[in-house]
Every structure is written in C-alpha cells, then in structure tokens.
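Summary of structural features
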Amino acid sequence: MKILRYLGSLAFVLGFFVMIFAGIPWYVVVADDPVIPMWLRTAVFLFLGGILVVLMSISFEQKKYKASVVEEKLTEVESDILLTNATVLPGAEISKVLGLVQGHTVYAIWIGKDLSAVVRLILGGELTEYTEMMGKAREMATKRMLLEAENIGADAVINVRYMTTSVIGSAAELFAYGTAVKFKKQF
C-alpha cells in the first residue's frame, strides 16, 4: 500500500508542477486556442488521479491499522497501575525506580469535522470536534504509556505529564510520560 501511496504522491506532484509551470504559461501565450494539448490533459489527469490514489491508499491503511494487534491490546488495557502527577505518595515507599515510560500518538480528525469546527470558530462556542479528538489522543497515549509500564512490571507511574504539539493543520501529537516505580509494599 505504501508503494501505491508514493506513486500517487509522485503523480500528484508531477501533474501539479506541469500544470503550474507549463500549463499556465502555455495558456497565457496561446489563450485563443480552444484545444487543450494532450500533455496538459495528462498533467490534469495525473494531478487528480494522484489525489484519488493517495486518498484510497490511506483509507485502506487506516482500516488495516484499526484492526491491528496493537489496537486490540490498547483496548484491553485495564491496568491496576496507579497513575499520578505527584512525585511522592503518602504511605507508599518506593523500592525501585524502573525508569521513564512514555506513550504518544499523532491524531487528526476527518475534514468534515474540521469544516464544522471552522463554522463553530466563526459563530463561537466550544469546538467539540477538537475536544473529542484530543480526548481520544490523550486516552490512546495514556494506554500506550500504561502498556509500557505493565511490560516492565511497574506498580505505579508517578510524575505523569502530558505534552501536545501541533503537527499540521488540525493534526496534533499528544505525548504522555512519567516515571515507572515499584513499591516495597502495596497500600
């Protein structure tokens, strides 16, 4: 699927540059000729076809990703590991610091929700589309962090922090991290 997506991207870029850097000058010079040359038709076909191929390959990859084993593991994470942003816990004595655990995701919403958020931006009010997006991203990053803590045998993750970064457009990265620890005795 990746090869198909790369070929679609290449066709898109090639068609775009031919249309812009050759098609526009051709149109300016020969504006009175009603017949569009074959090379320009091909460039338009490459441009539009490239977009279609990229969108189709991404949708297939997304379906494949949703059904992946990692996704199934994340939905099963019902951990007894304590999460806290405190650095110490009253009544609990840390016997071993296992190290940094982390989880992250880059999450985006589909363009339909993005457009409705733009309308809300104009009219005012909570941008529920983005609130939902960030909630899902936070949940996924936290589960990935918990899975990593579980794999190293942690009793708790202390000093938990979240960090967000805008990647492109309405896509955001959410990064969760903390210190995995073992207790001397459970409280």
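This write-up is about the structure you can find in this document. (Residues numbered from 1 in each chain as written. Predicted model: local features only at pLDDT ≥ 70, side-chain atom pairs only at ≥ 80, totals over all residues. Heavy atoms only, no water.)

Thoughts on helix α1 (residues 2–29)
- When the terminal C-alpha atoms of α1 are compared, their 40 Å separation across 28 residues agrees well with the 40 Å that a helix rising 1.5 Å per residue should span.
- Maximum bend of α1: about 35°, positioned at Gly 23, with proline Pro 25 one to four residues after it.
- Within α1 the residues assigned to the buried category are Arg 5, Gly 8, Ala 11, Gly 15, Met 19, Gly 23 and Trp 26. (Helix = DSSP H or I, 4+ residues; strand = E, 2+ residues; numbered from the N terminus. Expected span 1.5 Å × (residues − 1). Bend = angle between axes of the 7 residues up to and from the residue. Buried < 20%, exposed > 50% of the residue type's maximum accessible area, 1.4 Å probe, protein only.)

Side note on the sheet that holds strand β3 (residues 156–168)
- Ordered by their spatial adjacency, four strands build an open sheet running β1-β3-β4-β2, and the pairing between neighbours is mixed. Lying at the two open borders of the sheet, with one neighbouring strand each, are β1 (82–83) and β2 (94–107).
- Relative to strand β4 (residues 171–183), β2 runs antiparallel, the two being bridged by 12 bridges. Within β4, the residue paired with Lys 96 across the bridge is Lys 182.
- Each of β1, β2, β3 and β4 is contacted by helix α5 (residues 128–151), which is oriented at about 145° to β2, the strand it contacts most. (Pairing = 2+ DSSP bridges. Contact = heavy atoms within 4.5 Å. Axes fitted to C-alpha atoms, helices over the stretch in contact; angles between N-to-C directions.)

Digging into the pairing of β3
- In terms of strand pairing, β1 meets β3 through two bridges, oriented parallel. Residue pairing in the sheet places Leu 83 in a bridge with Val 157 of β3.
- Pairing of β3 with β4, which is carried by 10 bridges, proceeds in the antiparallel orientation. Looking across to β4, one finds that Met 163 is bridged to Phe 175.
- Linkage of β3 to β4, two consecutive antiparallel strands, is achieved through a turn of two residues, within which Gly 169 is found at a positive phi near 55°.

Some words on a nonpolar patch on the surface
- The grouping of Val 13, Phe 16, Phe 17, Ile 20, Phe 21, Ile 24, Val 28 and Val 29 at the surface amounts to a nonpolar patch, some 760 Å² of accessible area in total.
- Position of Phe 16 relative to the elements: it lies in helix α1.
- Under the relative-accessibility criterion, Phe 16 is labelled partly exposed at 33%. (Patch = residues over 30% accessible without salt bridge, like charges linked within 9 Å, V, L, I, M, F, W, Y side chains within 5 Å. Areas by Shrake-Rupley, 256 points an atom, 1.4 Å probe, with all protein chains shown as cover. Salt bridge = Lys/Arg side-chain N within 4 Å of Asp/Glu carboxyl O.)

Focus: the packing of helix α4 (residues 111–123) against α5
- Where α4 contacts α5, the two axes come as close as 8 Å, and the packing angle between them is 130°. With respect to α5, the axis of α4 lies oblique. Here α4 contributes Lys 113, Asp 114, Ser 116, Ala 117 and Arg 120 to the contact with α5, which in turn contributes Thr 128, Glu 129, Tyr 130 and Glu 132.
- Along the lines of polarity and charge, the residues of the contact of α4 with α5 split into two nonpolar, two polar and five charged. (Parallel < 35°, antiparallel > 145°, perpendicular 65-115°, else oblique. Nonpolar A, V, L, I, M, F, W, Y, C, P; charged D, E, K, R; others polar.)

Observations regarding the environment of Val 97
- In this structure, Val 97 sits in strand β2.
- For the pair Val 97 and Ile 158, spaced 61 residues apart in sequence, the C-alpha to C-alpha distance is 9.9 Å.
- Residues contacting Val 97, with those up to four places away along its chain left out, are Thr 179, Ala 180 and Val 181.

Describing the pattern of salt bridges
- Evaluation of the coordinates by the stated rule reveals four salt bridges.
- Notably, a salt bridge pairs Lys 184 with Glu 93, separated by 3.0 Å at the nearest N-O pair. Here Lys 184 is found in the segment after β4, whereas its partner Glu 93 is found in the loop between β1 and β2, with 91 residues between them in sequence.
- Judged by relative accessible area, Lys 184 falls into the exposed class, the value being 57%.
- With relative accessibility at 43%, the residue Glu 93 sits in the partly exposed group.
- The shortest N-O distance in the salt bridge between Glu 139 and Lys 143 comes to 3.2 Å. On the criterion of helical spacing, the pair formed by Glu 139 and Lys 143 is a turn pair, its members being four residues apart in helix α5.

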